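Read off the chains here:
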Amino acid sequence: MSFSHRMRQWHRVLSLAFTLAVVANLGAMMIPGSPQWIGFLALAPLLPLLATGIYLFILPHRRRGLAARETKDPMTQEGFQTTGRSKRRGAIGSRRPG
Ligand code: HEM
């Protein structure tokens, strides 16, 4: 199992824990005199949820960057980017006739 797959699974499990904590919080709000710490219960899964969520967010951008770096120009054997701007010589976007 790859690291990114494990991160996705963690994000899913944490989202479940977060949802349960929010439900517990709402339940506690209905009961007078319930302890205040229940309100902070949702923060415990929320922080790693944010970390794994940011990782999942940058994953496609990171993959695109790696793929572009691994792609070689058949003429120059230099790496070139298939998307976005590139200042390197041999990049598709910067090739001029002649
Ligand atoms: C805290 C900030 C959060 C960030 C930055 C974040 C970000 C993301 C990203 C980038 C994805 C992947 C989307 C994709 O690949 O199409 C994702 C998936 C998901 N997120 Fe979050 N998320 C956050 C919080 C939450 C919360 C609060 C919940 C629910 C309580 C949640 C539930 C999910 C679920 C169920 C998935 C699908 C996971 C899977 O592929 O199985 N996320 N999230």
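Reference entry: report on the structure contained in this document.

About the cut-offs
Residues numbered from 1 in each chain as written. Predicted model: local features only at pLDDT ≥ 70, side-chain atom pairs only at ≥ 80, totals over all residues. Helix = DSSP H or I, 4+ residues; strand = E, 2+ residues; numbered from the N terminus. Buried ≥ 20, exposed ≤ 12 C-beta atoms within 10 Å, placed from the backbone. Contact = placed C-beta atoms within 7 Å. Near = placed C-beta within 6 Å. Nonpolar A, V, L, I, M, F, W, Y, C, P; charged D, E, K, R; others polar. Expected span 1.5 Å × (residues − 1). Bend = angle between axes of the 7 residues up to and from the residue. Axes fitted to C-alpha atoms, helices over the stretch in contact; angles between N-to-C directions. Left-handed = near helix turned anticlockwise from the far one by under 90°.

Another aspect to go through is the overall build of the protein. For the protein, the helix and strand inventory stands at 2 helices and 0 strands. A burial count over the protein gives 3% of its 98 residues as buried. Relative to all contacts within the protein whose residues are 6 or more apart in sequence, the contacts with residues 24 or more apart total 37%.

Looking at the ligand, the residues that line it are R8, H11, R12, S15, F18, T19, L49, L50, G53, I54, L56 and F57. Elements that contribute at least two residues to the shell around the ligand include exactly α1 (3-30) and α2 (43-70). Its residues assigned to classes, the shell around the ligand shows 6 nonpolar, 4 polar and 2 charged.

This brings us to α2. Counted at 1.5 Å a residue, the expected span for α2 with its 28 residues is 40 Å, and the 40 Å between its end C-alpha atoms agrees. Along α2, the sharpest change in direction is near 35° and occurs at L59; proline P60 comes one to four residues later.

Between α1 and α2, the shortest axis-to-axis distance is 9 Å and the interhelical angle comes to 145°. Crossing handedness for the pair α1 and α2: left-handed. Across the interface between the two elements, S4, M7, R8, W10, H11, L14, S15, A17, F18 and A21 from α1 touch P45, L46, P48, L49, T52, G53, Y55, L56 and L59 from α2. Taken together, the residues of the contact of α1 with α2 break down into 13 nonpolar, 5 polar and 1 charged.

Geometry only, nothing functional implied.
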